[in-house]
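Structure assessment
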Amino acid sequence: MDNKINKFIGAHMSITGGLFNAPLNAKKIGAKAFALFLKNQKRWEAKPYTEEDITKFKDILKECNYDVKYILPHDGYLINLGNKDDIKREKSLLAFIDEIERADQLGLIYLNAHPGSHLKEMEEKECLALIANCLNIAIKKTKNVKIVLENTAGQGSNLGYTFEQIGEIIELVEDKTRIGVCLDTCHTLAAGYELKTQEGYENTMNEFENKIGFKYLCGVHLNDSKFDVGSKKDRHDSIGAGVIGLDFFKMFMNDNRFDNIPIILETIDETIWEEEITFLYSLINS
Ligand code: MN
Ligand code: MN
Ligand code: ZN
């Protein structure tokens, strides 16, 4: 089988000047997938989309030939569904529902989100339950879009740094058809999962299968890492420039468990994304 057509690699594209620029920018660098923010990721408020915004985005997607299966929108940075404070959590939940509705308006099928943070105000278990409860409410109030939880590096008080934690949230989500997972490779290493050796890679993937399950995998953030295994530091690097090493990227590119899903670069130098994509495809064994 030709692996080449089964890996869909792209990057997180800018929406400066309009949402429609994300697919246009993606096309320019030869991306087969892409990520984007649905609004300014550092603000709570944003104007609703106009009919024109929506039509233009959809038209350009079609022109550029992108299937929504390979588009992984990311939610804003302020949202914390695990906030112990009821008022703050409610604000996050409303913003999260707004993001899901935006994705749906654009005809997109995923929304990538970080689980949430306990802010050192409660036990991890309690926070996971708050997050799951918010997800259940958000799912009930919206339709079509699958929420794609990202594993985190474990920096600060961010939860979702172990596969068990992600698995536990999924366990508590009532409608399992609306929940999925995005594996961030920098975060995986930083959280303490070895990826650099064949043995480490296999153990980590087995752990992912056992604690979460590949059936939930909807996307990957393919990043190298500035810091080594267990650093708990969320510091991405360009492919091959960090500590993960090319053995990992070779194993990944030839692993068919990562076929037919969006694979998104969030690497630090966007001027070399096109080269990184070409390089990654060259790692596939013919
Ligand atoms: Mn993320
Ligand atoms: Mn990420
Ligand atoms: Zn990160």
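Described below are features of the structure shown in this document. What you are looking at is a predicted structure, and each value in this text was computed from that prediction instead of being measured. (Residues numbered from 1 in each chain as written. Chains lettered and ligands numbered in written order. Predicted model: local features only at pLDDT ≥ 70, side-chain atom pairs only at ≥ 80, totals over all residues. Heavy atoms only, no water.)

In this section: helix H3 (residues 86–105). The end-to-end C-alpha distance of H3 is 28 Å, a good match for the 28 Å that 20 residues give at a rise of 1.5 Å each. Buried within H3 we find Arg89, Ser92, Leu93, Ala95, Phe96, Ile97, Glu99, Ile100, Arg102 and Ala103. Buried-residue contacts for H3 involve strand S3 (71–74), strand S4 (110–113), helix H4 (124–141) and strand S6 (146–150). For H3, the side-chain oxygen to backbone nitrogen distance between the N-cap and Ile87 is 3.0 Å, and the N-cap itself is Asp85. One or two residues past the end of H3 sits Gly107, with phi positive at roughly 80 degrees. (Helix = DSSP H or I, 4+ residues; strand = E, 2+ residues; numbered from the N terminus. Expected span 1.5 Å × (residues − 1). Buried < 20%, exposed > 50% of the residue type's maximum accessible area, 1.4 Å probe, protein only. Contact = heavy atoms within 4.5 Å. Polar contact = N/O pair within 3.5 Å; in protein donor to acceptor, adjacent residues only side chain to side chain.)

Let's shift gears to the environment of Ile131. In this fold, Ile131 is placed in helix H4. For Ile131, a relative accessible area of 0% corresponds to the buried category. Taking C-alpha positions, Ile131 is 9.3 Å from Arg89, a pair spaced 42 residues apart along the chain. Apart from residues no more than four positions distant in its own chain, Ile131 is found in contact with Leu81, Gly82, Pro115, Gly116 and Ile169.

Every protein donor of the zinc ion (ligand 3) is accounted for by His187 (NE2), Asp234 (OD), Asp234 (OD) and His236 (NE2), and the metal-donor separations fall at 2.0 to 2.8 Å. Every donor counted, the four donor atoms about the zinc ion (ligand 3) form angles of 51 to 137 degrees at the centre, which fits irregular coordination. All donor residues of the zinc ion (ligand 3) come from one chain, and their arrangement in sequence is H-x46-D-x1-H. Taken as a pair, the zinc ion (ligand 3) and the manganese ion (ligand 1) lie 5.7 Å from each other. (Donors = N, O, S within 2.8 Å, 3.2 Å for Na, K, Ca; no water. Tetrahedral: all angles 85-135°; square planar, octahedral: opposite > 155°, others 65-115°.)

Now for the coordination of the manganese ion (ligand 2). The manganese ion (ligand 2) binds to the protein through Glu150 (OE), Asp184 (OD), His221 (ND1) and Glu266 (OE); the donor distances cover 2.1 to 2.3 Å. Counting residues between consecutive donors of the manganese ion (ligand 2) along the chain gives the motif E-x33-D-x36-H-x44-E. Since its relative accessible area comes to 17%, Glu266 is described here as buried.

Glycine aside, a negative phi is what most residues show, and trans is what most peptide bonds show. In this model, Lys120 sits at a positive phi of 60 degrees, which is unusual for a non-glycine residue. Given the relative accessible area of 73%, Lys120 is considered exposed. Positive phi is not limited to glycine here, since Lys232 has a value of about 60 degrees. Positionally, Lys232 belongs in the loop between strand S10 (224–225) and strand S11 (236–237).

Mapping Asn80 onto the fold places it in the loop between S3 and H3. Asn80 gets classed as buried once you look at its relative accessible area, which sits at 10%. Discounting residues that sit within four places of it in the chain, Asn80 has contacts with Arg89, Ser92, Gly116, Ser117 and Leu119.

Each aromatic ring pair is described using two quantities: the centre-to-centre distance and the angle formed by the ring planes. Inspection of every chain in the model, using the stated rule, returns eleven aromatic pairs. Here the basic side chain of Lys233 rests over the ring of Phe227, its NZ or CZ set 4.4 Å away from the ring centre. (Phe/Tyr/Trp six-rings, centres within 6.5 Å; stacked < 30°, edge-to-face > 60°. Lys NZ or Arg CZ within 6 Å of the ring centre and 35° of its normal.)

Quick look at the layout of surface pockets now. Space inside the largest pocket adds up to approximately 800 Å³. Lining the largest pocket are 31 residues; nearest its centre among them are His12, Phe37, His74, Tyr77 and Glu266. Among the secondary structure elements, those contributing two or more residues to the lining of the largest pocket are strand S5 (116–117) and strand S7 (158–159). Residue composition of the lining of the largest pocket, by class: ten nonpolar, 16 polar and five charged. The volume enclosed by the second largest pocket comes to roughly 310 Å³. Lining the second largest pocket are 18 residues; nearest its centre among them are Gly18, Leu19, Lys47, Tyr49 and Asp53. It is helix H2 (residues 51–64) that contributes the most residues to the lining of the second largest pocket, three residues altogether. When its residues are assigned to classes, the lining of the second largest pocket shows seven nonpolar, four polar and seven charged. (1 Å grid on protein atoms, 1.4 Å probe; cavity = no way out; pocket = protein on both sides within 12 Å on 5 of 7 lines; lining within 4 Å. Points joined across faces, edges and corners; volume = space filled by probe spheres on them. Nonpolar A, V, L, I, M, F, W, Y, C, P; charged D, E, K, R; others polar.)

Counting across every chain of the model gives 13 salt bridges. Note that Asp228 is salt-bridged to Lys196, the shortest N-O span being 2.7 Å. Of this pair, Asp228 sits in the loop between S10 and S11 while Lys196 sits in the loop between helix H6 (185–190) and helix H7 (198–211), and the two are 32 residues apart along the sequence. Residues joined by salt bridges that share partners form a network here, namely Glu164, Glu207 and Lys211. (Salt bridge = Lys/Arg side-chain N within 4 Å of Asp/Glu carboxyl O.)

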